[in-house]
Amino acid sequence: MKNLLLTEVWKLRRSKVLWIAIFSTLMVAAVVYAQGLSVHYGKCYIDNVGWYMESVLSLATFFVLPGIIALLGSYTICREEQEDTLKSLRMIPVDESKLTETKLTLTFLMSLFIYLLLFAITFFVEAMLHFNDLQLNSILIMMKVYLLNGFGIFIVISPIIVFVSKIKKGYWLALVFAEIYSFAGLFANLLTIGKTIYPITAAMQLAGYYEASLSEKLCSILVIVICGIISIIILKKTSYQVSTSRKHKSI
């Protein structure tokens, strides 16, 4: 697993998709900063301590990052198939199930990295603007929220990643599906029950972005677990189909 993971990291470093992810993260931070300069009742939004951190997390999750993470995951899984290098890998041979698990592990780590990068950017901006008003405890809580959100968002979009990888119709489809999926969270966000049962907002609620009771958090955990189970089922089914196909070819 370790060698496969290092190999995938090296391949991802040379891809344009990684730079698209970093550029998108920087852009969403810049756009929200520009929005924060708008004057409301004689005061800019960004003058409020903590506004920037909270707004970036919300808007990035509803509009940008789930699609980017889905694109990263489906790209790492589909690239060998589309670049016609999978046949060479099968001759080595390479355990495709373990290879897919490695790629998903890399996507998970990238999800954490992207959210941690976004937190670092927002913390830097907040420190520049409100250094004397920042409290260490609040900063640590927000860092935890960002990291937990990165974990939860990966889980809830993993069905999209593995589904697109299964149908092999191009990794850009994952970006489209995930963008629609995350944008719909804005409407779910309008309902109290929507925050709890819609996967995107459930991940944010469990991370601590929304206040929630114990029962609501347990319900959000159940939603996220169901998303993880769906991903595992699709992966197992795909692995079974691949192994069956190989047996038929060998016969």
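Our structure's up above, just so we're on the same page.
Everything numeric in this text was worked out from a predicted model, so none of it was measured.

### Quick word on helix H7 (residues 136-167)
Logical step 1: Taking 1.5 Å of rise per residue, the 32 residues of H7 would be expected to cover 46 Å, and the 47 Å separating its terminal C-alpha atoms lies within 8% of that figure.
Logical step 2: Of all the bends in H7, the largest measures some 45° and sits at Ile 157, one to four residues before the proline Pro 159.

### Digging into a nonpolar patch on the surface
Logical step 1: A grouping of Phe 63, Phe 183, Phe 187, Leu 190, Leu 191, Ile 193 and Ile 197 is seen on the molecular surface, where their side chains present a nonpolar patch of about 730 Å² in accessible area.
Logical step 2: With respect to the helices, strands and loops of the structure, Phe 63 is situated in helix H3 (residues 51-63).
Logical step 3: With a relative accessible area of 35%, Phe 63 lands in the partly exposed category.

### What to know about the environment of Ile 69
Logical step 1: Assignment of secondary structure puts Ile 69 in helix H4 (residues 65-82).
Logical step 2: Under the relative-accessibility criterion, Ile 69 is labelled buried at 0%.
Logical step 3: Taking the C-alpha atoms as reference points, Ile 69 and Leu 18, separated by 51 residues in sequence, lie 9.9 Å from one another.

### A few points about the packing of helix H2 (residues 16-36) against H3
Logical step 1: In contact at an axis separation of 10 Å, H2 and H3 are set at 125° when each is read in the N-to-C sense. By the criterion of interaxial angle, the relationship of H2 to H3 is oblique. Like other packed secondary-structure pairs, H2 and H3 cross with a definite hand, here right-handed. Contacts from Val 28, Ala 29, Ala 30, Val 32, Tyr 33, Gln 35 and Gly 36 in H2 reach Trp 51, Tyr 52, Ser 55, Val 56, Leu 59 and Ala 60 in H3.

### Examining the packing of aromatic side chains
Logical step 1: Applying the stated criterion across every chain, the model contains 12 aromatic pairs.
Logical step 2: The ring of Tyr 210 has Lys 195 lying over it, and the distance from NZ or CZ to the ring centre is 4.7 Å.

Reading the values: the criteria
- Residues numbered from 1 in each chain as written.
- Predicted model: local features only at pLDDT ≥ 70, side-chain atom pairs only at ≥ 80, totals over all residues.
- Heavy atoms only, no water.
- Helix = DSSP H or I, 4+ residues; strand = E, 2+ residues; numbered from the N terminus.
- Expected span 1.5 Å × (residues − 1).
- Bend = angle between axes of the 7 residues up to and from the residue.
- Patch = residues over 30% accessible without salt bridge, like charges linked within 9 Å, V, L, I, M, F, W, Y side chains within 5 Å.
- Areas by Shrake-Rupley, 256 points an atom, 1.4 Å probe, with all protein chains shown as cover.
- Salt bridge = Lys/Arg side-chain N within 4 Å of Asp/Glu carboxyl O.
- Buried < 20%, exposed > 50% of the residue type's maximum accessible area, 1.4 Å probe, protein only.
- Axes fitted to C-alpha atoms, helices over the stretch in contact; angles between N-to-C directions.
- Parallel < 35°, antiparallel > 145°, perpendicular 65-115°, else oblique.
- Left-handed = near helix turned anticlockwise from the far one by under 90°.
- Contact = heavy atoms within 4.5 Å.
- Phe/Tyr/Trp six-rings, centres within 6.5 Å; stacked < 30°, edge-to-face > 60°.
- Lys NZ or Arg CZ within 6 Å of the ring centre and 35° of its normal.

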